[in-house]
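Chain by chain, the residues run as shown.
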2 protein chains.
Amino acid sequence: VTVEVRPVEGLPEIRAGDDVGRLIYDATRPHPPGDGDVIVIAHKIVSKAEGRVVTATDRRPTSLTESARVLRRSGEMVISETRHGFVCANAGVDASNVEGEHVVLLPLDPDLSARRIRLRLRKLLGVELGIVISDTFGRPWRLGQTNVAIGTAGIEPFIDYRGMTDDFGTQLVATRICIADELAAAAELVMGKTARVPAAVVSGALVRFGRGSATEIVRPPSEDLFR
Amino acid sequence: VTVEVRPVEGLPEIRAGDDVGRLIYDATRPHPPGDGDVIVIAHKIVSKAEGRVVTATDRRPTSLTESARVLRRSGEMVISETRHGFVCANAGVDASNVEGEHVVLLPLDPDLSARRIRLRLRKLLGVELGIVISDTFGRPWRLGQTNVAIGTAGIEPFIDYRGMTDDFGTQLVATRICIADELAAAAELVMGKTARVPAAVVSGALVRFGRGSATEIVRPPSEDLFR
């Protein structure tokens, strides 16, 4: 099966109170998402619609307010744990693609945001969809950022191969693929940063529909070897 | 532009000495990769073709031999730095999808492997391609593994937005996307683990062709805050 990733183009600049599901519905006509598709949405438009924008000339104080715990500091950058449990730079506070002296915060509950958008689109389209809300995070041992899932609805975030056997009959011991993050990464291939493509529709991926959430992706601090 | 990810199906079980480029060429006819496509190849078939398979009933001793430095141990698992500089579980030594009492090691120089396969396919197809050799790595703060690039040829591993401005004229300060890892992640959406799909062709991605290598993705230990 071929996987297709299509950009959602022509979305307007998002303002507080906007109905993101409706705007995506409008933008994707006449080729709306189909049954089983996953829509990946950059958190920035979700945050803006939810009014998660604050005035700040410098994002650092806001990053600290948004952090549950600071892990490391390096120059201007703070690596911290957000209230959601995500470990990322500057608690996800972002100064790009927002007007003037404002910064965009992460949604308060990205899984809830994803569920709301999913219900809205299901009603408008009459199909079953998955939703992934994404952000770009850095990695401790690899340079560059990649797009990851910070909220999901309608899909299981993992494909779990534990207990399954390979072609040679050997048990696959510890293989659990974070498909939610891979969907987010695939969407980035059509999004870019400066182009106004804050969402993408992924069709045909090996994804399992269900009730999973992105909070399941957060490794419990008790299992964390590197904090 | 829509991105397409197509599985490469029907590859035979790979043995030492096999010509991976030729086998991919044969497997993709009559719909061969086109100019500007990127082929993502699971390292396992590259390692097997290069004879990087050793006898072992237990992969732990091999993992230690393959490690340049052990970072953490937890039960049966070792988190270590490979000789290439990659930080991953068990130095990338893998006991799945290989016959009997054998384990598969990482290629000695995955960038070189990628360059060889690229040259071979360029000669056979007469088109310019990118190659990504992938493995699935865990992440310290997120559960599950994702597919990442351990070797590349023909592409720049990053899309660098530093110094560019967003739609509001604000400079994008520190955004550098690791597109090589996102291509690897997108390919996983058609690969799966037990299905015999060890390669995928990605068309239409926002990728820049060039002479980059996956060693550029390794964060220098001097900039590592979490080792």
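Data block above holds the structure.
It should be emphasised that the depicted structure is a prediction, and the values quoted were computed from it without experimental measurement. (Residues numbered from 1 in each chain as written. Chains lettered and ligands numbered in written order. Predicted model: local features only at pLDDT ≥ 70, side-chain atom pairs only at ≥ 80, totals over all residues. Heavy atoms only, no water.)

K.L.:
Help me get a handle on the pairing of strand β2 (residues 38-42) of chain B, residues and values and all.
P.N.:
Residue and element names in this part refer to chain B. For β2, the tally of buried residues reaches five of five residues, placing the bulk of the element in the interior. Neither face of β2 is exposed, since V38, V40 and A42 on one face and I39 and I41 on the opposite face are all buried. By the bridge criterion, five bridges tie β2 to strand β8 (residues 130-137) in an arrangement that is parallel. Counted as the bridge partner of V38 is G130 from β8. Where β2 lies against strand β12 (residues 199-203), four bridges are found, and the strand directions are antiparallel. Bridging from a neighbouring strand, I39 pairs with V201 of β12. (Buried < 20%, exposed > 50% of the residue type's maximum accessible area, 1.4 Å probe, protein only. Helix = DSSP H or I, 4+ residues; strand = E, 2+ residues; numbered from the N terminus. Pairing = 2+ DSSP bridges.)

K.L.:
Any details on the nonpolar core? Residues and values, ideally.
P.N.:
In this structure, V40 and L183 of chain A together with L183 of chain B are the most contacted members of the largest nonpolar core, which totals 58 residues. Those residues in contact with V40 of chain A that sit more than four places away from it in its chain are V132, S134, L183, A184, A187, M191, P198, A199, A200 and V202 of chain A. (Core = buried A, V, L, I, M, F, W, Y, C linked by side-chain atoms within 4.5 Å. Contact = heavy atoms within 4.5 Å.)

K.L.:
Tell me about helix α5 (residues 179-191) of chain B, and please be specific about residues and values.
P.N.:
Residues and elements named next belong to chain B. Over its 13 residues, α5 runs 18 Å from end to end, which matches the ideal 18 Å to within 8%, given 1.5 Å per residue. The buried fraction of α5 is high, at 13 of 13 residues. Phi turns positive, to about 65°, at G192, one or two residues after α5. (Expected span 1.5 Å × (residues − 1).)

K.L.:
Lay out the interface of chain B and chain A with the relevant residues and their values.
P.N.:
In many analyses, interface size is given as the accessible surface area lost on bringing the parts together. If you look at the interface, chain B gives 74 residues, while chain A gives 74 residues. Inspection of the chain B/chain A interface yields four salt bridges. On the surface where chain B and chain A come into contact, there are 29 residue pairs in polar contact (both at pLDDT 80 or more). At the level of secondary structure, the elements contributing two or more residues to the side of chain B that touches chain A comprise β1 (3-7), β4 (67-74), β8, β9 (146-153), β11 (176-178) and α5 of chain B. If you tally residues by element for the side of chain B that touches chain A, the top one is α5 of chain B, at ten residues. Here the residues of the side of chain B that touches chain A sort into 39 nonpolar, 14 polar and 21 charged. Pairing geometry for strand β1 (residues 3-7) of chain A and β1 of chain B, over three bridges, is antiparallel. Paired with E4 of chain A across the bridge in β1 of chain B is E4 of chain B. (Salt bridge = Lys/Arg side-chain N within 4 Å of Asp/Glu carboxyl O. Polar contact = N/O pair within 3.5 Å; in protein donor to acceptor, adjacent residues only side chain to side chain. Nonpolar A, V, L, I, M, F, W, Y, C, P; charged D, E, K, R; others polar.)

K.L.:
How would you sum up the sheet that holds strand β9 (residues 146-153) of chain A? Please name residues and give values.
P.N.:
The strand order β9(A)-β8(A)-β2(A)-β12(A)-β1(A)-β1(B)-β12(B)-β2(B)-β8(B)-β9(B) describes an open sheet built from ten strands, whose pairing is mixed. Only two strands of the sheet have a single partner each, and these edge strands are β9 of chain A together with β9 of chain B. Across the sheet, the mean angle separating the axes of adjacent strands is 25° when strand polarity is ignored. (Axes fitted to C-alpha atoms, helices over the stretch in contact; angles between N-to-C directions.)

K.L.:
Describe the relation of the copies chain B and chain A, listing the residues and the values that go with them.
P.N.:
Overlaying chain B with chain A gives an RMSD of 0.0 Å, the required rotation being 180° about an axis along which the chain moves by 0.0 Å. A rotation of that kind, with that shift, is consistent with a two-fold axis. In this assembly, 100% of the residues forming the interface of chain B have copies in chain A that are likewise at the interface, indicating an isologous arrangement. (Least-squares fit on C-alpha atoms with pLDDT ≥ 70 in both.)

K.L.:
For the sheet that holds strand β6 (residues 87-89) of chain B, give the residues involved together with the corresponding values.
P.N.:
Residues and elements named next belong to chain B. Spatially, β4-β5-β6 is the arrangement adopted by the three strands of the open sheet, whose pairing is antiparallel. Of all strands in the sheet, those with a lone pairing partner are β4 and β6, marking the two edges. With strand direction ignored, the average angle separating the axes of adjacent strands in the sheet is 25°.

K.L.:
Lay out the packing of helix α1 (residues 20-28) of chain B against helix α4 (residues 110-125) of chain B with the relevant residues and their values.
P.N.:
All names here are of chain B. Axis separation between α1 and α4 bottoms out at 8 Å; the angle between their running directions is 45°. By the angle between their directions, the pair α1 and α4 is classed as oblique. Crossing angle aside, the handedness with which α1 passes α4 is right-handed. Contact residues: V20, G21, R22, I24 and Y25 in α1; I117, R120, L121, L124 and L125 in α4. Its residues placed into classes, the contact of α1 with α4 shows seven nonpolar, one polar and two charged. (Parallel < 35°, antiparallel > 145°, perpendicular 65-115°, else oblique. Left-handed = near helix turned anticlockwise from the far one by under 90°.)

K.L.:
Go over the pairing of strand β4 (residues 67-74) of chain A, please, and point to the residues and values.
P.N.:
In the case of a regular strand, side chains alternate between the two sheet surfaces. Residue and element names in this part refer to chain A. Judged from the six bridges that link them, β4 and strand β5 (residues 77-82) form a sheet pairing that is antiparallel. Counted as the bridge partner of S74 is M77 from β5. What sits between β4 and β5 in their antiparallel hairpin is a turn of two residues, with G75 showing a positive phi close to 60°.

K.L.:
An account of the side chain of S47 of chain A is needed here, citing residue identities and associated values.
P.N.:
Here S47 of chain A shows up in helix α2 (residues 43-49). If we skip the residues at most four places from it in the chain, S47 of chain A touches R52, V104, L105, L106 and P107 of chain A.

K.L.:
Run through the environment of T28 of chain A, naming residues and quoting values.
P.N.:
Residue and element names in this part refer to chain A. Tracing the backbone through its elements, the reader meets T28 in helix α1 (residues 20-28). Residue classification places T28 among the buried positions, given a relative accessible area of 8%. The sequence separation of T28 and S113 amounts to 85 residues, and the corresponding C-alpha distance is 20 Å. If we skip the residues at most four places from it in the chain, T28 touches V8 and P33.

K.L.:
Help me get a handle on the packing of aromatic side chains, residues and values and all.
P.N.:
To describe a pair of aromatic rings, you give the distance between the ring centres and the angle between the ring planes. For the structure on display, the rule yields four aromatic pairs over all chains. Relative to F137 of chain B, the ring of F86 of chain B lies with its centre 6.1 Å away and its plane at 65°, an arrangement referred to as edge-to-face. Of the two residues, F86 of chain B is situated in the loop between β5 (77-82) and β6 and F137 of chain B in strand β8; the sequence distance between them amounts to 51 residues. For the ring pair W141 of chain B and F226 of chain B, a centre distance of 4.7 Å and an interplane angle of 70° mean the geometry is edge-to-face. Within this pair, whereas W141 of chain B is found in the loop between β8 and β9, its partner F226 of chain B is found in the segment after β12, the two being separated by 85 residues in sequence. With respect to burial, W141 of chain B and F226 of chain B carry one shared label: buried. The ring of F158 of chain A is capped by R176 of chain A, whose NZ or CZ atom sits 4.5 Å from the centre of that ring. (Phe/Tyr/Trp six-rings, centres within 6.5 Å; stacked < 30°, edge-to-face > 60°. Lys NZ or Arg CZ within 6 Å of the ring centre and 35° of its normal.)

K.L.:
Please set out unusual backbone geometry residue by residue, giving values where relevant.
P.N.:
Both trends apply: most residues other than glycine have a negative phi, and most peptide bonds are in trans. Cis geometry marks the peptide bond from R29 of chain A to P30 of chain A, where omega comes out at 0°. Mapping P30 of chain A onto the fold places it in the loop between α1 and β2 (38-42). Phi angles above zero are rare outside glycine, and N90 of chain B is one such case at about 55°. For N90 of chain B, the position within the fold is in the loop between β6 and β7 (102-104). Assessed through its relative accessible area of 6%, N90 of chain B is described here as buried. A positive phi angle, near 50°, is found at A91 of chain B, a position not held by glycine. Counting through the fold element by element, A91 of chain B comes out in the loop between β6 and β7.

Limitation: the analysis is restricted to geometry and does not speak to function.
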